[in-house]
Amino acid sequence: MLRFPVRHHFLPPSTLLRRVLFSNDTSASSGATASPDPHFMVEYLMNTCGFSADVASQVSKSLPRSQSTEKADAVLGFFRSQGLDDTNLRRILAWKPGLLGWDVETNLAPKFKLLRDMGLSESDIIVIVRRHPIVIGSNSENTLLPRFKVWESLLGSKEMLLKHLRRCGWFFSSNIENVVRPNINFLRDECGIPEDRLSLVIKRQPSFITQNPDALRALVDRTAGFGVPRESIMFIWVLNALYRVSREKFEAHVKLMNRFGWSNSEFVAAIQKHPTFLLLSTEALQRKMEFLIKIVGSTPSDIAKHPMVLELSLEKRLIPRFHVMEILKSEGLWTSRYKLHTFFISPGPKFLQKYVLPYKDKLPKLLEVLSIVPEFKGNNPEC
């Protein structure tokens, strides 16, 4: 039988008093407490876990009126011995109050052992249990282990799985057989999306493949309605962008870009080329459009043809490079053959080589302008 060390946590005097007042002779002699008082577990939860009275009352409603504190004491002690503090305990118990009635050695200890056997560190286990208490509410062998294996396979490695679990990871609770596999089969077999292409999206956005299958089919139809062929490389990326953007935000973007002069066809064309600009907030999109049109002098149509420029940082990329442009123009070094979108989109080393290094002796201020920009910090201008 598995045995895990459990630190003993003594209960506050008020709780001990409750034990005496509300326990019968049998339970008192055995060390257990089973109280018919509906307020007993409320006070117990407040004293042992730090719940507020309101939350403790809600949690206690999910517990049997005859709830014994013997198992609850053991469960709390076990969780604490695994490194979970009261904040974590409150989160877990609010999700599943019934855990207080579980048997530690039969129900809880095996799950933590399984997580360790899978190679997870103590800190990883704490993070995962805190963020995804479903892992301790699942059957170890029949649910938890297969779920880990499936997601490890989909994401390519255990490290990638842990990365997503630490960051967010509500995807982990999705039903594999009824949601994840049908979605993968639909996109691969009916939409013709290669597995390697689908894998790229899943690794970036695991929740993409956990959406309701009917919603996914509707999203596929919507994407096709934008004129993106299913066999196109961009189809899956447009699909993912639309999944991440609410219809309200999408409509707000359409109205905004219409005000800046984009036609609906230009908006659709921009989506086909670089759909992730849709993920920007409406405010950020407006600031960038105003800067590019009013300050830089770009035309709305040119931006629509090269929407990637909208994803560049205003403060870290667009404004500093615009200052470089101003200096070149003031010295008569800006030529008509320079394309604005290329000027802003070019990678740092290529930008230096073409627009800065040829004039570094004559115009040292070019390097001064860029010295505060992260992408150029530490770069040797001689290289």
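This is a predicted model, so every value here is computed, not measured.

**Student:** Outline the overall build of the protein chain, supporting the account with residue identities and numerical values.
**Tutor:** Broken down by element type, the protein chain carries 23 helices and zero strands. Burial statistics for the protein chain: of 383 residues in total, 45% are counted as buried. Long-range pairs, those at least 24 residues apart, make up 69% of the contacts in the protein chain between residues at least 6 apart in sequence.

**Student:** So what's going on with helix α11 (residues 158–167)? Which residues, and what values?
**Tutor:** Where α11 is concerned, the buried positions are Leu-161, Leu-162, His-164 and Leu-165. Projected down its long axis, α11 carries its buried residues within an arc of 165°, all on one side. Those residues of α11 that are exposed and angled more than 90 degrees off the buried face are Glu-159 and Arg-167.

**Student:** Account for the pattern of salt bridges, with residues named and values stated.
**Tutor:** Applying the stated criterion to the full structure yields nine salt bridges. A salt bridge links Arg-230 to Asp-221; the nearest nitrogen and oxygen atoms lie 3.9 Å apart. On the basis of relative accessible area, Arg-230 is assigned to the partly exposed category, the value being 29%. Where Asp-361 meets Lys-360, a salt bridge forms, and the shortest distance between an N and an O atom there is 3.5 Å. Judged by relative accessible area, which is 69%, Asp-361 ranks as exposed.

**Student:** Any chance you could break down helix α3 (residues 40–49) for me, citing the residues and the numbers?
**Tutor:** The element α3 is largely enclosed, with a buried count of eight among its 10 residues. Of all the residues in α3, the buried ones are Phe-40, Met-41, Val-42, Glu-43, Tyr-44, Leu-45, Thr-48 and Cys-49. Gly-50 occupies a position one or two residues after α3 and carries a positive phi of about 85°.

**Student:** Requested: an account of the packing of helix α16 (residues 247–259) against helix α18 (residues 282–296), with residues and values cited.
**Tutor:** At a minimum axis separation of 10 Å, α16 and α18 run at an interaxial angle of 15°. Accordingly, the angle class assigned to the pair α16 and α18 is roughly parallel. As α16 packs across α18, the resulting crossing turns out to be right-handed. Along the contact surface, α16 presents Ala-252, His-253, Leu-256 and Met-257, while α18 presents Thr-282, Leu-285, Gln-286 and Met-289.

**Student:** Pulling in residues and values, what's your account of the nonpolar core?
**Tutor:** Ranked by size, the top nonpolar core spans 114 residues in total, and within it Phe-79, Trp-151, Leu-187, Trp-262 and Leu-310 carry the most contacts. The element that contributes the greatest number of residues to this core is helix α20 (residues 314–330), accounting for seven residues. Setting aside anything within four residues of it in sequence, one finds Leu-187 in contact with Gly-192, Ile-193, Leu-198, Phe-208, Ile-209, Leu-216, Val-220 and Leu-239.

**Student:** Which residues make up the side chain of Ser-174, and what values go with them?
**Tutor:** As for its placement among the helices and strands, Ser-174 is situated in the loop between α11 and α12 (176–190). With relative accessibility at 10%, the residue Ser-174 sits in the buried group. Leaving out residues up to four positions away in the same chain, Ser-174 has contacts with Arg-147, Val-180 and Thr-210.

**Student:** Help me get a handle on the environment of Phe-208, residues and values and all.
**Tutor:** With respect to the secondary-structure elements, Phe-208 resides in the loop between α13 (195–204) and α14 (213–225). Taking relative accessible area as the criterion, Phe-208 reaches 0% and is therefore assigned buried. The sequence separation of Phe-208 and Ala-241 amounts to 33 residues, and the corresponding C-alpha distance is 9.7 Å. Among all residues touching Phe-208, those that are not within four sequence positions of it are Leu-187, Leu-198, Val-201, Leu-216, Ile-236, Leu-239, Asn-240 and Tyr-243.

**Student:** Let's hear about the confidence of the model for the protein chain: which residues, and what values?
**Tutor:** Averaged over all residues, the pLDDT of the protein chain equals 84, while 85% of them reach at least 70. Here helix α1 (residues 13–22) stands out as the element of the protein chain with the lowest mean pLDDT, 38, in contrast to α16, whose mean of 97 is the highest. Scored below 50 in pLDDT, residues 1–32 shows 52 contacts in the model against residues more than four places distant or in partner chains. Low pLDDT, under 50, characterises residues 378–383; the stretch is placed with six contacts to residues that sit more than four places away or in other chains.

**Student:** Pulling in residues and values, what's your account of the packing of α14 against helix α15 (residues 235–244)?
**Tutor:** The N-to-C vectors of α14 and α15 enclose an angle of 120°; their axes lie 10 Å apart at closest approach. Read as a crossing pair, α14 and α15 show a hand that is right-handed. Of the residues in α15, those touching α14 at Leu-216, Leu-219, Val-220, Arg-222, Thr-223 and Ala-224 are Phe-235, Val-238, Leu-239, Leu-242 and Tyr-243. For the contact of α14 with α15, the class distribution of residues is nine nonpolar, one polar and one charged.

**Student:** An account of the environment of Asn-178 is needed here, citing residue identities and associated values.
**Tutor:** Relative to the helices and strands, Asn-178 is located in helix α12. In the structure, Asn-178 is positioned 32 residues away from Thr-210 in sequence and 9.7 Å away in space, judged by C-alpha atoms.

**Student:** Now, about the packing of aromatic side chains: what can you tell me, with residues and values included?
**Tutor:** Scanning the model with the defined rule gives 18 aromatic pairs in all. Geometrically, the ring pair formed by Phe-208 and Tyr-243 is edge-to-face, given 5.7 Å between the ring centres and 85° between the ring planes. Within this pair, whereas Phe-208 is found in the loop between α13 and α14, its partner Tyr-243 is found in helix α15, the two being separated by 35 residues in sequence. What makes Tyr-243 partly exposed here is its relative accessible area of 22%.

**Student:** Which residues make up the side chain of Thr-210, and what values do they have?
**Tutor:** Relative to the elements of secondary structure, Thr-210 occurs in the loop between α13 and α14. Of the residues examined, Thr-210 reaches a relative accessible area of 9% and is grouped as buried. Polar contacts involving the side chain of Thr-210 include one to the main-chain carbonyl oxygen of Ser-207, which spans 2.7 Å. In this structure Thr-210 touches Trp-151, Trp-170, Phe-171, Ser-174, Val-179, Val-180 and Asn-183, once residues within four positions along its chain are discounted.

The rules behind these values
- Residues numbered from 1 in each chain as written.
- Predicted model: local features only at pLDDT ≥ 70, side-chain atom pairs only at ≥ 80, totals over all residues.
- Heavy atoms only, no water.
- Helix = DSSP H or I, 4+ residues; strand = E, 2+ residues; numbered from the N terminus.
- Buried < 20%, exposed > 50% of the residue type's maximum accessible area, 1.4 Å probe, protein only.
- Contact = heavy atoms within 4.5 Å.
- Arc of directions from axis to C-beta.
- Salt bridge = Lys/Arg side-chain N within 4 Å of Asp/Glu carboxyl O.
- Axes fitted to C-alpha atoms, helices over the stretch in contact; angles between N-to-C directions.
- Parallel < 35°, antiparallel > 145°, perpendicular 65-115°, else oblique.
- Left-handed = near helix turned anticlockwise from the far one by under 90°.
- Core = buried A, V, L, I, M, F, W, Y, C linked by side-chain atoms within 4.5 Å.
- pLDDT = per-residue confidence, 0-100.
- Nonpolar A, V, L, I, M, F, W, Y, C, P; charged D, E, K, R; others polar.
- Phe/Tyr/Trp six-rings, centres within 6.5 Å; stacked < 30°, edge-to-face > 60°.
- Polar contact = N/O pair within 3.5 Å; in protein donor to acceptor, adjacent residues only side chain to side chain.

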